[in-house]
Amino acid sequence: MPAGRLLLTLALVVSVGVCAGAGAGEAAPARSTEPGGVVVHGYPYATRCPEAGVDELVDRWGMYACNCTSYVAWALHANRQRTDWFVRGSMDAWNWPNVARRKGLRVASTPRVGAVAAWPKLGRPFGHVAYVTGLHDDGTFDVAEYNRPGDRSNRFRFDIRTHVEREGASFIDVPERG
């Protein structure tokens, strides 16, 4: 087989294999990870932010794109964690711990990598959520997030914060999908 034809055949096989693994009508989650081993990059609305946030575009989970809730929903999905506990119309960040408890998820005062950090009183009236990506011996933790309250220059944008204090936060332990 000529070299050019062999390369074309290999490219087709790889292309078909990648597409087949993505699932019907759904892009495969990006696998770019943080040191804690969790996926934080690859949010599908990233190239449309901040405009999608301003336009109030609704994502596949019924949340507004480029907002903290949409990003954390995506992060859970990308890390193969459950999202079946979401209740459409009830997922403002302040309400995530309440919904999680009602759906039988553990809500704790101590963070774990892969947990949802929820600050119900931050950014009132909506609250704020972020995805926990790392832990430190001093009790602080790292997060990946969108639309951090109080930072107008970061509106509808991605952010990674390190050594975040636990004050005012609760942590939702979300198990892997079954």
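This is a predicted model, so every value here is computed, not measured. (Residues numbered from 1 in each chain as written. Predicted model: local features only at pLDDT ≥ 70, side-chain atom pairs only at ≥ 80, totals over all residues. Heavy atoms only, no water.)

S.K.: Please give an account of the side chain of Ser70 that cites residues and values.
M.R.: Checked against the element boundaries, Ser70 lands in helix H3 (residues 68–78). Other than its neighbours up to four places away in sequence, Ser70 contacts Tyr43, Tyr45, Asp59, Met63, Tyr64 and Ala65. (Helix = DSSP H or I, 4+ residues; strand = E, 2+ residues; numbered from the N terminus. Contact = heavy atoms within 4.5 Å.)

S.K.: Let's hear about the sheet that holds strand S4 (residues 116–119): which residues, and what values?
M.R.: Sheet architecture is open: 6 strands sit in the order S3-S8-S4-S5-S6-S7, paired in antiparallel fashion. Unpaired on one side and paired on the other, strand S3 (106–108) and strand S7 (158–164) mark the two borders of the sheet. Taking the axes of each pair of neighbouring strands and ignoring which way they run, one obtains an average angle of 35° across the sheet. Of the strand pairs in this sheet, S4 and strand S8 (residues 170–173) are connected by 3 bridges, and their pairing is antiparallel. By the bridge assignment, Ala117 is partnered in S8 with Phe171. (Pairing = 2+ DSSP bridges. Axes fitted to C-alpha atoms, helices over the stretch in contact; angles between N-to-C directions.)

S.K.: Describe a negative patch on the surface, listing the residues and the values that go with them.
M.R.: A contiguous patch of negative charge, built from Asp137, Asp138, Glu165 and Glu167, is present on the exposed surface. Among the structural elements, Glu167 can be located in the loop between S7 and S8. A relative accessible area of 73% places Glu167 in the exposed class. (Patch = residues over 30% accessible without salt bridge, like charges linked within 9 Å, V, L, I, M, F, W, Y side chains within 5 Å. Areas by Shrake-Rupley, 256 points an atom, 1.4 Å probe, with all protein chains shown as cover. Salt bridge = Lys/Arg side-chain N within 4 Å of Asp/Glu carboxyl O. Lys, Arg positive; Asp, Glu negative; His and termini not counted. Charge placed at Lys NZ, Arg CZ, Asp CG, Glu CD. Buried < 20%, exposed > 50% of the residue type's maximum accessible area, 1.4 Å probe, protein only.)

S.K.: Could you give an account of the pattern of salt bridges, with specific residues and numbers?
M.R.: In the structure shown here, the tally under the stated rule is 5 salt bridges. With a shortest N-O distance of 3.8 Å, Arg112 and Asp173 are connected by a salt bridge. With Arg112 in the loop between S3 and S4 and Asp173 in strand S8, the pair connects residues that are 61 residues apart, well separated along the chain. Among the residues examined, Arg112 registers a relative accessible area of 46% and is labelled partly exposed. Ionic pairing is found between Arg161 and Glu145, a salt bridge with its closest N-O pair at 2.6 Å. Highlighted residues: Arg161 in strand S7 and Glu145 in strand S6 (residues 141–146), separated in sequence by 16 residues. Bridged by salt links that share partners, the residues Arg106, Arg112 and Asp173 form one connected network.

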